[in-house]
Structures are given as C-alpha cells and as structure tokens.
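# Observations on the model geometry
The lines below spell out each chain.
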Amino acid sequence: MVTTLLISVTIVTSLAVFLALLMVIADATIANYGEVDISINDGSRQYTVRGGKPLLKTLGEQEIFIPSACGGRGSCGLCKVQVVKGGGSILPTELPWLSEEEQQDNIRLSCQFKVKESLEIKIPEELFLVKAFETKVAQIRDLTHDIKEVTLQLVDPPEISAKAGQFIQFQVPEYELTDEEVYRAYSLSSAPSDSTKVELEIRLVPNGICTTYVHKYLKEGDTVMINGPYGDFYLRESDREAICVAGGSGMAPIKSILLDMKDKGISRKTRYFFGARSAGDLFLIDEMRELEKTLPDFTFIPALSEPQPEDDWDGDTGLITDVLDRKLENIQEAEAYLCGSPGMIDACVKVLKDKGIPDERIFYDKFA
Amino acid sequence: MKQSPLLQQIQEQMKPGIITLDGFLGKDTRNLIDILIEDDGTVRRLGRTHRAIAQRMQYFRDAGYAGLGEFITVDGHFEVRVDSVRGKLPSPFGGPQLYWKVNTVVRNLELDREVFYTDLHIHFVRDHGFYEGKGSPYRLDPVELIDVLEIPATNV
C-alpha cells in the first residue's frame, strides 16, 4: 500500500517537473522572437531590439516615450502609433479605441500588441523630444483641502524644454497601493522659462494610486522620475482675444500659459474664468491678481457656484457656464482654452459655440 | 459553494493586473459565487434590491454631473462631486461596453458619512449584484450604500 502510494507520488511529481520543464523550454524557444528591427518615420531612426514585449514598453526601453495614462493596460487609449509594416492584425482589445478610419490607417494601441517581428512605424516627431528625468521634490504646498502643488527640481537631465500647457508623466514607485510602477499624466503649472524645475497641481482622487501617493506618502527631498513633455494644448500664436476657462486642478496649464505670456511680453487681451464651489476651493488668487497688474490686458474672473455665508463673497456666482453666458458678448473672433472635467468642458464648449466661436478655435485639455 | 465555469472565468478576469492593477476581489479568497450570495443575502435581508440601489447611485451620479467637476448640493443635505480620470474600463463580466472612469463622491451631511463609486460600480450592482470582494480598495459595502444614499426599503 505504502509502495503504491510512493510510486504514485513519484509519477505525479515527475510529470509535473516534466511539464514545468516543457513550459520553460517553450518560453525560451517558441516565445523567443530573437532580435527584430524597428524602423521609425521612414527609417529616420532604426533600432534593433529583443522581441516579445509590447511595443510601448519596447520603445520606452529605447527612451522613446509614447504617452500613456494607464500604465499600458489598454484603458486610456492614448498610446496610438501608426504601423506601416508588420505587427499582425488589430487585436480585440484595441478595437474599442480605434475609429474605422484609424483601423484603415492601421493605427494601433502600442501597449496591446507585442513586437514579434520587424516593424515599420510612424510617430509624431515631437515625441523624440520626450525624455525621462530624475527629479527631487523641492516643495509640497497645500493649495486647497484636496489640491497640492508639487515642485520638482530636475536633476538628470537638469533642464526640460516644454511649451506652456503641456503635461508630463509622473512615475509612482511600488508602495502600499501598488506592487508595480505606474504612470499618471499631469499638466505643468510652471513657466517654461524656468527650465530647471516643474510644478504640478494634483487633486486627491479617492483611492487614486498616484494622487494618494502624492498626498499621503510623497515628501520633500524624495526622488521622483518623470517623462515628458507631451501634448498639444498650448497658446496658439495670434492676436485674438484668449478666453481661458478652468476648474479645480485645471488651473495648472492655464497658469503656465499666463506666466509664459508674461515672460514673453505677450499683450493680447485675455480673460480667465475660474469656477469653484466656495471660497475654500479657490486658490492662487493672489498670483492671479498679481498677473492682472503685470499683463497689460488680463482679467481674472473667479466664480463660485455655491458660496457659503462665511465666504462673504461679492464676486461672480453661478456655474462657470452661467458666468460665461452672462459675461461674454461679441467673441466670434476669440480663441478659447479650457481645462477641466469632461462635463465642464462639454458644457463650456456648447456655450462658446453658441456665442459664435468655431470648433477649430476652441482648444481643451479634457481629463478623459 | 461550487461555481460554474463561466463564473470561474469571470473571477479570473477580476484578478489583479488583468483589467485593473488592484483587481476587484481584494483579499477575498472566496469564490465569486459566495461573494455574490453573501451580498445578495444582505441586500434582501434589508428589504432592498440591487436595481433600487443602482438607480439611486445613478441618480446622484447624474445630479452631481451638473456641478461640472465641483461639489454641488443635491436635495438639501447631500453634497455630490462627479469627476473623471483619463480612460475607460471593460467589465470583467464581459460585454462590448466600456465604462468611463467617472468617479462619484456622495456626502450625506446629516450622517456626516460619504461613499465613493464609479460608473463601473453602477453596472456591477445593477446588472450583477456585485459590490467587489472584501479588502478590495474599491469595495462598496451594501449597508453603507443603503444608509448614506438613503435608499428606502422596497417589496422584494
């Protein structure tokens, strides 16, 4: 009886070891794609890489950073690249993010498909300017009860070349809420002229991996890895009136744009509408009032949707859309720059279009 | 309880790193069927339905959307904020729909308590009676939802 049991255990164990060995061999041979070539933008850059990883990660290892807000899980749809040759068929996990036109142009989600053969791809040239930076937290400041301003001093490389309004990706290391590194995108709030540091305004999202890390774990002196800059939300060159609208941490890119205007001596008429619920949700008011003195034709218009009695508020009231509707007349020739939640952006775009600003002159950074 | 292969497949989709970093089950080592049965029992015992709870969640989500990303007062003693982070998520239960990462915070000022949920949660509760596993960072306690959102008892 004992002998039979021992023989059975030995057979099962041997079988398990054999299968495990088979899997290791299979992984090393079948799943070994060897070295493959990636040609970017008609051969302007060429890399020989080891196959087998998602394109997003493979490019990242070559220090080519494709924007991604979900850390490569296929849930943000940002990391699109055009695949000219190779790459196989579009995967079911990519389809929800791709329009019919994009599918015809073989646009792919670079986080979803693995590099198994040589590829020819096209990416925007400006992504070659994106770099990874080691930074040190120089200052953390409370702006409101749930928004912090984080100033990062660049260490290596020591300078960044960004346009006002662009964003970076902030790397969250492993900590209590995550057992792997994750990236989240945040707009720069600092002036591009100070290229040795970046400022971010980060609002606490309940259970948010990055925002919880920043609000509850990050300390001055900590090292933070970022990469960037990304994005096409920036002030266009023109003499048109600029109408800026933001709420909450949407303040960040607008502040960066205003500081840039000051540095460059841009004197075009600018009105900035900022929506908050009550006085406790307003921030950087002094800085905005100071800009009213230094920019030649700038007006800051904060508005409270539900001012509290203790606020003693005599400024504009109502939802920011109501304020826009009341205050804006004859703005058909203006440009608009918006940053905030999708609901806010959609509602504001509707008001601005009703007032005569065409789609092509409404620029926005939507948190969606 | 033994569960069907389909539920087993769904449970696999709920593990960390498949759809979301944390997954949907937390430290709950029970089968999905057991998680569903326990929460279903709680909701029934309290005289509510998953559909009624989901409807109330949706009500605050829609009312809060009018606040354009800031808190807004709803029905006198609730404060609601609806905002978003970038991206959409599929449901581990399957189906073609993707759910925007829309977050709703509802504060009940009379109770001085708040709940937080996403659009995906509304789908979970409405269509599957699923509130996530115990220890999941996004777990919704049905009792807490019923209390804070003031969901009246219905004829089950």
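For the structure, check the block above.
Residues numbered from 1 in each chain as written. Chains lettered and ligands numbered in written order. Predicted model: local features only at pLDDT ≥ 70, side-chain atom pairs only at ≥ 80, totals over all residues. Heavy atoms only, no water.

## Describing the pattern of salt bridges
For the record, the criterion: Here, a salt bridge means any side-chain nitrogen of Lys or Arg that lies within 4 Å of a carboxyl oxygen of Asp or Glu. Only protein chains enter the accessibility calculation, which uses a 1.4 Å probe; a residue is then buried when its area is under 20% of its type maximum, exposed when over 50%, and partly exposed in between.
By the definition in use, this model includes 42 salt bridges over all chains. With a shortest N-O distance of 3.9 Å, K197(A) and E199(A) are connected by a salt bridge. The buried category is assigned to E199(A), whose relative accessible area is 11%. Between D28(B) and R30(B) there is a salt bridge; the shortest N-O distance is 2.7 Å. In this structure D28(B) comes out as buried when scored by relative accessible area, which is 12%. Given the relative accessible area of 24%, R30(B) is considered partly exposed.

## So, the sheet that holds strand 1 (residues 35-40) of chain A
Residues and elements named next belong to chain A. The cut-off we apply is this: Here, any two strands with at least 2 DSSP bridges between them count as paired. The way it works is that DSSP assigns letters per residue, a run of H or I at least four long becomes a helix, a run of E at least two long becomes a strand, and they are numbered from the N terminus. Orientation is described by lines fitted to C-alpha atoms, with helices fitted over the stretch in contact, and by angles between N-to-C directions that extend from 0 to 180 degrees.
The strand order across the open sheet formed by five strands is 2-1-5-3-4, and the pairing between neighbours is mixed. The open sheet has two free edges, formed respectively by strand 2 (45-50) and strand 4 (107-109), since each of these has just one partner strand. On average, each strand axis in the sheet is inclined to that of its neighbour by 40°, with strand direction left out of account.

## A short note on the sheet that holds strand 11 (residues 223-230) of chain A
Residues and elements named next belong to chain A. Formally: Two residues form a contact once any of their heavy atoms are found within 4.5 Å.
Spatially, 9-8-11-6-7-10 is the arrangement adopted by the six strands of the open sheet, whose pairing is antiparallel. The open sheet is flanked by strand 9 (182-187) and strand 10 (197-203), the only strands paired with a single partner. When the angles between neighbouring strand axes are averaged without regard to direction, this sheet yields 40°. Across six bridges, strand 6 (residues 131-142) lies against strand 11 in antiparallel orientation. Of the residues in strand 11, the one forming a bridge with A132 is N227. Against the sheet, helix 4 (residues 209-216) makes contact with strand 7 (147-156), strand 8 (167-172), strand 9 and strand 10, and its axis sits at roughly 75° relative to strand 8, the strand it touches most.

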